[in-house]
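Each chain, letter by letter, is given below.
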There are 4 protein chains.
Amino acid sequence: MTSFIQRVAKLGANALLGVFTSSGGFDGAFKELRVVAIKAGSVTATLPVTKPLCNSYGTLHGGAAATLVDIVGTMALLTKDPRRAGVSVDINTSYLRAAKEGEELLITGQVLKTGKKLGFTQVDIARKSDNEVLVTGRHTKAL
Amino acid sequence: MTSFIQRVAKLGANALLGVFTSSGGFDGAFKELRVVAIKAGSVTATLPVTKPLCNSYGTLHGGAAATLVDIVGTMALLTKDPRRAGVSVDINTSYLRAAKEGEELLITGQVLKTGKKLGFTQVDIARKSDNEVLVTGRHTKAL
Amino acid sequence: MTSFIQRVAKLGANALLGVFTSSGGFDGAFKELRVVAIKAGSVTATLPVTKPLCNSYGTLHGGAAATLVDIVGTMALLTKDPRRAGVSVDINTSYLRAAKEGEELLITGQVLKTGKKLGFTQVDIARKSDNEVLVTGRHTKAL
Amino acid sequence: MTSFIQRVAKLGANALLGVFTSSGGFDGAFKELRVVAIKAGSVTATLPVTKPLCNSYGTLHGGAAATLVDIVGTMALLTKDPRRAGVSVDINTSYLRAAKEGEELLITGQVLKTGKKLGFTQVDIARKSDNEVLVTGRHTKAL
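You'll find chain A entered in an unreviewed UniProt entry as Acyl-coenzyme A thioesterase 13, with Salpingoeca rosetta given as the organism. Per its UniProt entry, chain A bears the Subunit (unreviewed entry) comment "Homotetramer. Interacts with PCTP." Its UniProt record gives chain A the following Catalytic activity (unreviewed entry) comment, quoted word for word: "a fatty acyl-CoA + H2O = a fatty acid + CoA + H(+)".

Next comes the structure, spelled out in structure tokens:
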């Protein structure tokens, strides 16, 4: 099964648009992720908070939020160069507010800097209904 | 379905030992996680790197590693007080080396500090065969 | 000697405007920091990159940038409640581009969330001439 | 004025031992830092918490702690290769306990991984009297 990274490397950044194509691995839980807008250096996606993404409190799992930082940060870098997904160096996330099961998320990934060796992105996970940021993080990758 | 947090709150820290009990949500991918040792302030667990934990390169997904920091950091805090799992404040992870599909991981969670309001943990994800640290992170929780 | 925290606690958030008042301690190196705008939840400041702020490469020291995240993040929180400066929990910084000696910095601190127990801020350090972000970080405080 | 980086590049890692040689810039506040032990991949240093290192509460400034992560993390990398100090990519710090003015600190920097392109270190700042860790952080550098 091809991943979004392989698909984008082949078809270009526009292949990010639409339903997320999982690699059949850990990102399989995010199959309802949908990229609704891309431009050079940024990606906007939506995702419903379904039970398979939640913790035992019925809110978005902290690990799922960190995984979104990884996935959507990578997507943002692929808009700059579809052939360079890179390898994770550092990820950090701050948990501002809980995302409840049933809510719709609006996730934006933005390239802060990309160079020969390193790419830096910021990913904000907001509640779509009021645009309140719930989780924010950064993803540094070696390219 | 009860989560490990609910089970531990009821039965005490020893309920962490053995096979990980998922909440039926995002942590479902970690059902082969097994806690092999606990003491006050630390937890040791093992986990095989199976395909459902991997990225499209066939190595442990960065988001899976961050989720392990969340889960095993929480477990370490539960050894101190089984009724206080807390809520995530900050998670950070550094990716030193790739964990390949088929390898066995040894994960240690250690409480750095726990107080009235906050708990801090460090989680190291090592390769069991040679004890080399692959990913290291910290998890701060509001208790 | 009173610090900006003490001055603000007494006089209110408007006391942040103008030249930075050091506590006579580690923040003494930032005496040319000047707050040029405040509103509820955000602070804008300027600072020339002078030699006492640099590393041996003649660029802004990584520690100086992290200290700015601490100081300006605290200022942003004080605009929300001048009596609650809080205590640092976590700071993280990503270094995108070097700030050279002689350049003028534009630093913005923004409250991401403030509650009963915790405050989260983001601080961006940009080059004033072209508004390019050089360093970005987050500061979590217990209030 | 030569920095410790320049001195070590010329004289080798043993030049780290003894009193810290500042570059005459931001690290000037750390002139009482003393490296008491080095081996390949780790550095141990002592430092008294003097007033110039403190915040307005009379405890070690969060920015000073982050600067120590930068300085001592760099030193640890220099024990591996004295000619490659690298450039900061990411720094993070967690503040577990306050370091009070007058206390003596024991700071250990440890290389977690060093490769062709990147170096990762962990720095722990402990109170010397009881070895309690007060601040812990990681420093990622591009080499």
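Draft legend 1. Region of the structure containing the relation of the copies chain D and chain A. Mapping chain D onto chain A is achieved by rotating through 180 degrees and translating by 0.0 Å along the same axis, at an RMSD of 0.0 Å. Here the copies are linked by what is in effect a two-fold axis. Every residue of chain D has its C-alpha some distance from the rotation axis, and the shortest such distance is that of Asp90(D), at 3.7 Å. Most of the interface of chain D is mirrored in chain A, where 100% of its interface residues again form contacts.

Draft legend 2. Summary view of the interface of chain D and chain A. Of the residues lining the interface, nine residues belong to chain D; the matching set on chain A comes to nine residues. Each partner contributes to the roughly 700 Å² buried at the junction of chain D and chain A, and carbon and sulfur atoms together form 53% of this total. Linking chain D to chain A there are zero salt bridges. Across the contact surface, chain D and chain A share four residue pairs in polar contact (both at pLDDT 80 or more).

Draft legend 3. Spatial organisation of the interface of chain A and chain B. Facing 35 residues of chain A, the contacting portion of chain B comprises 35 residues. Across the chain A to chain B interface the summed buried area is about 2400 Å²; carbon plus sulfur atoms make up 55%. Inspection of the chain A/chain B interface yields zero salt bridges. Where the side of chain A that touches chain B is concerned, the elements lending two or more residues are helix H1 (4-11), helix H2 (62-80) and strand S4 (87-95) of chain A. Per-element accounting of the side of chain A that touches chain B gives the leading share, eight residues, to S4(A).

Draft legend 4. Main features of the pattern of salt bridges. Going through the model one piece at a time under the given rule, you end up with 17 salt bridges over all chains. Of the charged contacts in the structure, one is a salt bridge between Asp81(A) and Arg84(A), with a shortest N-O distance of 3.3 Å. A relative accessible area of 28% places Arg84(A) in the partly exposed class. Glu103(B) is paired through a salt bridge with Arg127(B); the nearest N and O atoms lie 4.0 Å apart. Highlighted residues: Glu103(B) in the loop between strand S4 (87-95) and strand S5 (104-114) and Arg127(B) in strand S6 (residues 118-127), separated in sequence by 24 residues. Exposure class is identical for Glu103(B) and Arg127(B). Each is buried.

Calculation criteria
Residues numbered from 1 in each chain as written. Chains lettered and ligands numbered in written order. Predicted model: local features only at pLDDT ≥ 70, side-chain atom pairs only at ≥ 80, totals over all residues. Heavy atoms only, no water. UniProt positions renumbered as here; feature names shortened; annotations may be inferred. Least-squares fit on C-alpha atoms with pLDDT ≥ 70 in both. Contact = heavy atoms within 4.5 Å. Buried area = accessible area lost by both parts, 1.4 Å probe. Salt bridge = Lys/Arg side-chain N within 4 Å of Asp/Glu carboxyl O. Polar contact = N/O pair within 3.5 Å; in protein donor to acceptor, adjacent residues only side chain to side chain. Helix = DSSP H or I, 4+ residues; strand = E, 2+ residues; numbered from the N terminus. Buried < 20%, exposed > 50% of the residue type's maximum accessible area, 1.4 Å probe, protein only.

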